[in-house]
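Chain and residue survey
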Amino acid sequence: MATVAHLTTRTPRVSVEELLKGFHPSPRFGEVSFASYRPDPAQPSQAAAVRALQSFGSTIGASNGGFFSRIFGSKPTSRAGIYLDGGFGVGKTHLLASLWHAAPGPKAFGTFVEYTNLVGALSFRKTVDALSSYRLVCIDEFELDDPGDTVLMSRLMRELADAGVKLAATSNTLPGALGEGRFAAVDFQREIQVLADQFDVVRIDGEDYRHRGLPAAPQPIPTHELDSRMNAEFDGGVVAVDDFADLMKHLAGVHPSRYRQLIDGIDGVVWKDVHTIESQAVALRFVVLADRLYDKDVPILASGVPFDELFTPDMMGGGYMKKYFRAVSRLTALAREGQTHEPS
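Residues numbered from 1 in each chain as written. Predicted model: local features only at pLDDT ≥ 70, side-chain atom pairs only at ≥ 80, totals over all residues. Heavy atoms only, no water.

Thoughts on the overall build of the protein chain
Stated precisely, the cut-off is as follows: Secondary structure elements are taken from DSSP: a helix is a run of H or I of four residues or more, a strand is a run of E of two residues or more, and numbering for both begins at the N terminus. Only protein chains enter the accessibility calculation, which uses a 1.4 Å probe; a residue is then buried when its area is under 20% of its type maximum, exposed when over 50%, and partly exposed in between. Residue contacts are defined here by distance: any two heavy atoms, one from each residue, within 4.5 Å place the two residues in contact. Residue-level accessible areas treat just the shown protein chains as cover; the underlying method is Shrake-Rupley with a 1.4 Å probe.
For the protein chain, the helix and strand inventory stands at 14 helices and nine strands. For the protein chain, buried positions account for 52% of its 344 residues. Long-range pairs, those at least 24 residues apart, make up 87% of the contacts in the protein chain with a sequence separation of at least 6. As displayed, the protein chain offers around 14,800 Å² of accessible surface, 53% of which is attributable to carbon and sulfur atoms.

Structure, rendered in structure tokens:
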């Protein structure tokens, strides 16, 4: 039998110290390395990306244009950062985490939203002070969702680079195109260009590995069969069982910076009556939860609509489409793992 828990009854509180301690790769990428990355032979850019990151990693900890270089007039030999641009599921996070594991500390690894949340918790200046002592700051899933984020991350990256911190980022959008389709990016071109100027761009081509040669996502389970499937799949584990509509309401009262703690100790998730999300605000919050579930490799059993119908057609074709496609890809992988034991 599985032990039943409910995410809708959890309201985790997280201290600033806990936020800082959490800036490391998730368990999914806790032991990855450049050697464990498997480049697709049909996509030479993948092997080239490994070589580029290894070369970049060799510069971490060396003199790189920090305070004394500026004082004495020497110029850095390369930009402060490296930026992995590519589609979904080509291994960008694997490579970013491999760089983090290989680099000397102190160092930080987090998603874009985790850094913006850190600024909200600490203040901008305290965040700069805390991260300026690091040798490497890794930013996964770099996306700009509004003008405030554009200005904030532009300043943060510039000040960290000026302090001699090496930067590494992943995204599905080239640095100069960040923000396009979300707001009037042309009005913030200066800040966007500052971001672009911090990075050398490495393109990674390829097909979403989560779908290479694997069957389509399993169909949703009838609601009346969820309990028996849950006990069969998660016998002896702790399973978060929630009505999907209730969960969406509950997430509105939990800051996304706490979603990692929200699912602590959960071995599986069961969602009853999944429905298409029609509110953009609700959808964006849910994307963060999907990312945290994928980070911790939490299998999913669900009834209702299939995950490729989770977001409206307008959302899937709008300014945030990359976030939604990533969420669908990851949730599909977790559903496949929960229902057919396919590795995610």
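A word on the sheet that holds strand 9 (residues 300-304)
Filter applied, for reference: Between any two strands, pairing holds if DSSP finds at least two bridges. What counts as an axis is a line fitted to C-alpha atoms, over the stretch in contact for a helix, and the angles between N-to-C directions run from 0 to 180 degrees.
The strand order across the open sheet formed by four strands is 1-7-8-9, and the pairing between neighbours is parallel. Edge positions in the sheet fall to strand 1 (3-5) and strand 9, since each has one partner strand and no second. Across the sheet, the mean angle from the axis of one strand to that of its neighbour is 20 degrees, orientation sign disregarded. Along the sheet, helix 9 (residues 226-233) makes contact with strand 1, strand 7 (238-243), strand 8 (268-274) and strand 9, crossing strand 9 at roughly 170 degrees.

What to know about the pairing of strand 4 (residues 136-140)
Where burial is concerned, most of strand 4 is hidden: five out of the five residues are buried. Of the two faces of strand 4, the one holding Leu136, Cys138 and Asp140 and the one holding Val137 and Ile139 are both buried throughout. In terms of strand pairing, strand 3 (residues 107-111) meets strand 4 through five bridges, oriented parallel. The partner of Gly110 across the bridge, within strand 4, is Ile139. Judged from the four bridges that link them, strand 4 and strand 5 (residues 166-171) form a sheet pairing that is parallel. Bridge assignment links Leu136 to a residue of strand 5, and that residue is Lys166.

Some thoughts on the nonpolar core
As a reminder, the rule being used: We call a set of buried Ala, Val, Leu, Ile, Met, Phe, Trp, Tyr and Cys residues a nonpolar core when their side-chain atoms join them within 4.5 Å.
Grouped together as the largest cluster of nonpolar side chains are 41 residues, with contacts concentrated most on Trp271, Phe286, Leu289 and Phe311. Listing elements by their share of this core, those giving two or more residues are helix 10 (244-251), helix 11 (259-262), strand 8, helix 12 (280-295), strand 9, helix 13 (313-316) and helix 14 (321-340). Examining the composition of this core, we find that nine residues originate from one element, helix 12, more than from any other. Excluding residues within four positions of it along the chain, Leu289 makes contact with Leu247, Leu251, Tyr259, Leu262, Ile263 and Trp271. By size, the runner-up hydrophobic cluster in this structure holds 28 residues, among which are Leu19, Tyr134, Ile139 and Leu160.

Thoughts on the sheet that holds strand 2 (residues 81-86)
Taken in spatial order, the five strands make up an open sheet running 3-4-5-2-6, and their pairing is parallel. The open sheet has two free edges, formed respectively by strand 3 and strand 6 (199-204), since each of these has just one partner strand. The average undirected angle you get between the axes of adjacent strands in this sheet is 15 degrees.

Focus on the confidence of the model for the protein chain
The line we're drawing: The pLDDT value expresses, per residue, how confident the predictor is, ranging between 0 and 100.
Across the protein chain, the average pLDDT comes to 83, with 82% of residues at or above 70. Low confidence marks residues 64-77, where pLDDT is under 50. Its contacts with residues over four positions away, or in another chain, come to 15 contacts. Counted against residues more than four places away or in other chains, residues 178-188, with its pLDDT under 50, gives 28 contacts.

With respect to the packing of helix 10 against helix 12
For the record, the criterion: For classification purposes, angles smaller than 35 degrees are called roughly parallel, those larger than 145 roughly antiparallel, those between 65 and 115 roughly perpendicular, and all remaining angles oblique.
Interhelical geometry of helix 10 versus helix 12 gives an angle of 95 degrees and a closest axis separation of 10 Å. Here helix 10 lies roughly perpendicular to helix 12, going by the angle between them. For the pair helix 10 and helix 12, contact is made by Phe244, Leu247, Met248 and Leu251 and by Val282, Arg285, Phe286 and Leu289, respectively.

Observations regarding the pattern of salt bridges
We count it as follows: Here a salt bridge means any side-chain nitrogen of Lys or Arg lying within 4 Å of a carboxyl oxygen belonging to Asp or Glu.
In the structure shown here, the tally under the stated rule is 13 salt bridges. Across the pair Glu114 and Arg260 runs a salt bridge whose closest N-O atoms are separated by 2.2 Å. Of this pair, Glu114 sits in helix 5 (residues 112-122) while Arg260 sits in helix 11; the two residues are 146 residues apart in sequence, bridging distant segments of the chain. An identical accessibility class is assigned to Glu114 and Arg260; each is buried. Between Asp291 and Arg326 there is a salt bridge, and its shortest N-O distance comes to 2.7 Å.

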